[in-house]
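# What the coordinates show
Now for the letters of each chain:
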Amino acid sequence: MRPERGAIMFEFGFICLFVHLVASVPQPPCRRCCDHLPSPDDAASLRESMPAMPEVRTYINMTILKGDKGDRGERGTPGKPGMEGSPGPQGAEGPKGAKGQAGAAGDACKTQHSAFSVGRRKSLHSVDNYQALIFDTIFVNSPEHFDMFAGKYRCHTPGIYFFNVNIHTWNFKETYLHIMQNESEKAIVYAQPSDRSIMQSQSVMLSLQEGDEVWVRLYKRERENAIYSDDVDIYITFNGYLIKPETK
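For the protein, an unreviewed UniProt entry supplies the name Complement C1q tumor necrosis factor-related protein 6 and the organism Triplophysa rosa. Check the Subcellular location (unreviewed entry) section of the UniProt entry for the protein; it says "Secreted, Extracellular space, Extracellular matrix".

Take a look at the structure:
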């Protein structure tokens with residue numbers, strides 16, 4: 001036998017012996033790679049018993065990424081006004097201010113007035129026509145709104161006025177007069193014939209407009225009447241004054 005063949009046979013025999021020895025050694029049972037993990041039920045119990053892991057959130061520092069300031073944009077359209085809020089509490093009282101300067105002097109108080117009081121010293125008898133009583137004595141005529149020549153008061157200030165007339169009757173004659181506003185009879189002064197003469201009086205308030213006239217009228221002759229007076233005493237008087245000016 002050649003030496004090379006003998007060497008080959010020796011190596012073959014050695015290999016067969018090694019295989020026999022390996023096959024004769026008992027082997028552990030086969031296990032899977034996940035057999036060491038617990039079952040699903042055991043894993044759930046294990047998770048409940050373990051402390052909760054903290055939540056991890058990503059935070060980005062924007063100051064690192066902030067760029068340069070941009071140009072200012074155009075002004076937007078104003079929004080709708082909001083609802084009015086409830087009033088706030090009253091604030092504390094502020095300090096007292098300094099005394100202001102004195103104002104300009106005002107006009108004197110202007111009051112409207114008009115008054116007259118006149119008398120007659122002569123008797124008067126009726127004639128064919130009506131007669132206005134003409135007076136010859138002035139007691140008051142401020143500011144001269146009573147016309148002594150016409151025997152009439154002429155209104156310059158619209159408002160409410162008071163008028164009064166006093167006369168003395170003539171014995172055995174009728175006394176018949178009217179207080180007139182323009183051509184309208186407003187109040188009568190009357191006394192029947194009597195053997196005794198007496199004083200008669202009549203008063204009335206009238207609403208006048210500018211230009212109205214108030215006067216006393218003696219009735220005409222178809223009713224024989226007269227009023228008495230003399231040069232010693234004044235028996236016949238006519239008075240009037242403004243009570244309240246008309247307000248605009």
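Now, onward.
### Here's the deal with the side chain of H178
Looking at the element boundaries, H178 is found in strand 8 (residues 175-181). What makes H178 buried here is its relative accessible area of 7%. Non-local contacts of H178, meaning those with residues more than four positions away in its chain, are made with E185, A187, I188, W215, V216 and R217.

### Considerations on the pairing of strand 1 (residues 115-120)
Along any regular strand the residues' side chains alternate between the sheet's two faces. With respect to burial, strand 1 is a largely interior element, five of its six residues being buried. As judged from the five bridges shared by strand 1 and strand 4 (residues 137-142), these two strands associate in the antiparallel manner. For F116, the partnering residue across the bridge sits in strand 4 and is N141.

### Observations regarding unusual backbone geometry
For the bond running from S142 to P143, omega is 5°, close enough to zero to count as cis. Relative to the helices and strands, P143 is located in the loop between strand 4 and strand 5 (146-147). You will see that E144, though not glycine, has its phi angle at about 60°, which is positive. Examined against the element boundaries, E144 turns out to sit in the loop between strand 4 and strand 5. Phi angles above zero are rare outside glycine, and F172 is one such case at about 65°. Note on placement: F172 falls in the loop between strand 7 (159-168) and strand 8.

How each quantity is defined
- Residues numbered from 1 in each chain as written.
- Predicted model: local features only at pLDDT ≥ 70, side-chain atom pairs only at ≥ 80, totals over all residues.
- Heavy atoms only, no water.
- UniProt positions renumbered as here; feature names shortened; annotations may be inferred.
- Helix = DSSP H or I, 4+ residues; strand = E, 2+ residues; numbered from the N terminus.
- Buried < 20%, exposed > 50% of the residue type's maximum accessible area, 1.4 Å probe, protein only.
- Contact = heavy atoms within 4.5 Å.
- Pairing = 2+ DSSP bridges.

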